Amino acid sequence: MTDLVATARALVASPKGILAADESVPTATKRLASYGIATSKEMRRQYRELFLNAPRIDEYLSGVILHEETFNQKGNDKRLFRESLAARGIAPGIKVDQGTEPFPESPEEFITNGLMGLSERLAALKSSGAIFTKWRAVIRIDGDILPTASAIHENAKRLANYAKEAQAAGLVPILEPEVLREGKHSRQRAKAVLEDVLSTLFSVIEEHAVDRAGLILKTSMALSGSDNRHTDIPREVAEDTVDALIKSVPSQIAGIAFLSGGQGPDAATDNLAAITQLAHERQAPWPLTFSYARALQDEALLMWQGKEENVPAAREAFLTRLAKVSTACGGR
Ligand code: 13P
């Protein structure tokens, strides 16, 4: 087994998962503002400190996806976050895409930038201690009109090119084609789009000679749109998600990590438990785990409010949620 494959497998080994702490500066600013916290570079550093230097997170986390800003910042202990994580056995990873822009052929959809100069950036990150990387594409559903086949294909091509470059640099790639929840669509429509996106991705991956055993897929669950009136129950989510994955994801990949996609912490936990349980019953071939941002952070941010005196209670809320999500990913 190559080092890359061993690293990828370790990242998805149950019952640990991956914290997504790679919000861009505008997203982090919006997120903190929604809790009444005014942001600055220092406030964002304290926000990361809250989660990354919390005690006992190594019991639940195999890795953390960092944003470039955080990758180069230090915690209150004056050590680089990436180094203190590594010292606790938590692999530091980094988001390497450079965000999205409208797709010229279909301007209501998005393509992800960041391939230019990527190999040089990856080499520098590898020598600074990064273990893995992430690239996010977004897929928008609008009735039967979006996504278009060409947007799906263009995003798949970019994900495959990224994966190849990351592996060449000795960094595990996490491929995240996020099917957005925003919209009125049904869960059945989300499932069909998920299948289409993942089948296209893995057929393009095949053409690009990417080592499937050395990559991780980060995916959405099959969920009703956020403006659809139906409330999904976990068994329904599990049926449609596991079905879509079994139809479109090759057995050889190292594993699958789910994003939370704006579900509340409880829904993200219960749906994950139902998915892992059903995948186990159906003898699905890949390890499954979590790679949540919002569903792991929300309760802690509510407690924290940007105040030093609230840090212990906020960290307690974070650890409680981590324990629940980690149990859910054990499936039983
Ligand atoms: P959420 O879990 O908040 O959807 O974020 C995961 C992620 O990495 C989005 O890019």
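Scroll up for the structure.
Reference entry: report on the structure contained in this document. The residue count restarts for each chain, going from 1 along the sequence in the order it is written. Local features are withheld for residues below a pLDDT of 70 in this predicted model, meaning they are given only at 70 or higher, and side-chain atom pairs are given and counted only at 80 or more; totals for whole chains, interfaces and linings count all residues. Side-chain numbers come from the whole structure's heavy atoms, not from hydrogens or water.

This part is about the pattern of salt bridges. The salt bridge definition used is simple: a Lys or Arg side-chain nitrogen within 4 Å of an Asp or Glu carboxyl oxygen. Considering all chains together, one arrives at 30 salt bridges under this definition. The salt bridge involving Asp58 is made with Arg88; its shortest N-O contact spans 3.7 Å. Pair noted here: Asp58 is in the loop between helix H3 (41–52) and strand E2 (61–66) and Arg88 is in the loop between helix H5 (81–87) and strand E3 (91–95), with a separation of 30 residues, a long-range link. Between Arg136 and Glu178 there is a salt bridge, and its shortest N-O distance comes to 2.8 Å. Of this pair, Arg136 sits in strand E6 (residues 132–139) while Glu178 sits in strand E7 (residues 172–179); the two residues are 42 residues apart in sequence, bridging distant segments of the chain. Only protein chains enter the accessibility calculation, which uses a 1.4 Å probe; a residue whose area is less than 20% of its type maximum is buried, one above 50% is exposed, and one in between is partly exposed. Residue classification places Arg136 among the partly exposed positions, given a relative accessible area of 27%. If you follow the salt bridges from partner to partner, you end up with Arg187, Lys191, Glu195, Asp232, Arg235, Glu236, Glu239, Asp240, Asp243, Lys247, Glu281 and Arg282 in one network. Segments assigned H or I by DSSP are reported as helices when at least four residues long, segments assigned E as strands when at least two residues long, and all are numbered from the N terminus.

All right, on to the packing of aromatic side chains then. Centre distance within 6.5 Å is the pairing criterion for rings of Phe, Tyr and Trp, where only the six-membered ring of Trp is used; planes under 30 degrees apart are then read as stacked, over 60 as edge-to-face, and the remainder as tilted. Overall, the coordinates contain 4 aromatic pairs when judged by the stated rule. Pairing Tyr47 with Phe51 gives two aromatic rings, centres 6.0 Å apart and planes at 85 degrees, and the pair type is edge-to-face. With Tyr47 and Phe51 both in helix H3 and 4 residues apart, the pair spans about one turn of that helix. Comparing Tyr47 with Phe51 shows no difference in burial state: the two are buried. Judged by centre distance (6.2 Å) and plane angle (50 degrees), the rings of Phe290 and Tyr292 are tilted. Of the residues examined, Tyr292 reaches a relative accessible area of 0% and is grouped as buried. Cluster of aromatic residues (ring-pair linked, three or more members): Tyr47, Phe51 and Phe318.

This next bit is on the sheet that holds strand E9 (residues 255–258). Strands qualify as paired when DSSP identifies two bridges or more between them. Strand order in this open sheet of 8 strands is E1-E2-E3-E6-E7-E8-E9-E10, and the pairing throughout is parallel. Each edge of the sheet is formed by a strand with only one pairing partner; in this case those strands are strand E1 (17–21) and strand E10 (288–290). When strand polarity is set aside, the average angle formed by the axes of neighbouring strands in this sheet is 25 degrees. In this sheet, strand E8 (residues 216–219) lies alongside E7 in parallel orientation, the contact comprising 2 bridges. Within E8, the residue paired with Leu175 across the bridge is Leu217. We call two residues in contact whenever any of their non-hydrogen atoms come within 4.5 Å of each other. With axes taken as lines fitted to C-alpha atoms, and helix axes fitted only over the stretch in contact, angles between N-to-C directions fall between 0 and 180 degrees. Contacts from helix H7 (residues 149–168) reach E6 and E7, with the element oriented near 165 degrees to E7.

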